[in-house]
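Structure at a glance
The primary structure of each chain is shown beneath.
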Amino acid sequence: MPWRLIAKAFGWHTATAEDGETPVLVVRHPRLRRHFTGTDAWRRAVRVSIHAPNPYPADVDRKEIQP
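Residues numbered from 1 in each chain as written. Predicted model: local features only at pLDDT ≥ 70, side-chain atom pairs only at ≥ 80, totals over all residues. Heavy atoms only, no water.

1. Focus on the sheet that holds strand S2 (residues 24-29)
Sheet strands pair by backbone hydrogen bonding; their relative direction is either parallel or antiparallel. Cut-off, in case you're wondering: Any two strands are treated as partners once DSSP identifies two or more bridges connecting them. Strands here mean DSSP runs of E at least two residues long; helices mean DSSP runs of H or I at least four residues long; both are numbered from the N terminus. Helix axes are fitted only over the stretch in contact, all axes being lines through C-alpha atoms; the angle between N-to-C directions runs from 0 to 180 degrees. We call two residues contacting when some pair of their heavy atoms lies within 4.5 Å.
Read from one edge of the open sheet, three strands run S1-S2-S3, paired in antiparallel fashion. Strands with a single pairing partner mark the edges of an open sheet, and in this sheet they are strand S1 (13-17) and strand S3 (34-37). Here the strands of the sheet are splayed against their neighbours by 30° on average, with no regard to which way each runs. Here S2 pairs with S3 via four bridges, running antiparallel. Counted as the bridge partner of Arg28 is His35 from S3. The sheet strands contacting helix H2 (residues 41-50) are S1, S2 and S3, and the helix crosses S3 at an angle near 150°.

2. Considerations on the packing of aromatic side chains
In plain terms, the rule: Between 30 and 60 degrees the pair is tilted, below 30 it is stacked and above 60 it is edge-to-face, where a pair is any two Phe, Tyr or Trp rings, Trp via its six-membered ring, whose centres lie within 6.5 Å. Whether a residue is buried, partly exposed or exposed follows from its accessible area with a 1.4 Å probe, protein chains only, as a fraction of its type maximum: under 20%, in between, or over 50%, in that order.
Enumeration according to the criterion identifies one aromatic pair in this entry. Arranged with centres 5.7 Å apart and planes meeting at 40°, the rings of Trp12 and Phe36 form a pair that is tilted. Of the two residues, Trp12 is situated in the loop between helix H1 (3-9) and S1 and Phe36 in strand S3; the sequence distance between them amounts to 24 residues. Under the relative-accessibility criterion, Trp12 is labelled buried at 1%.

3. Describing the pattern of salt bridges
Short version of the rule: Put simply, a salt bridge is a Lys or Arg side-chain nitrogen that is within 4 Å of an Asp or Glu carboxyl oxygen.
Within the structure shown, the criterion is met by two salt bridges. Residues Asp40 and Arg43 are paired through a salt bridge, measuring 2.9 Å at the closest nitrogen-oxygen approach. Owing to a relative accessible area of 24%, Asp40 belongs among the partly exposed residues under this scheme. With relative accessibility at 27%, the residue Arg43 sits in the partly exposed group. Arg44 serves as the salt-bridge partner of Asp40, at 3.5 Å between the closest nitrogen and oxygen.

Right, dumping it as structure tokens:
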């Protein structure tokens, strides 16, 4: 799966953290204030982007929703 290509289509960018000996890949989104690092950073970014919202608020009782 081309995770990098899909993530870039959703607006994710790359950055490099050079705190230690080896630079670390950081995948970040400018508006979401989220970032991911590691080997699966692109995949995790895509999953956040395509996650569907909950259909109902979490604090509402299911009996109140049904007509």
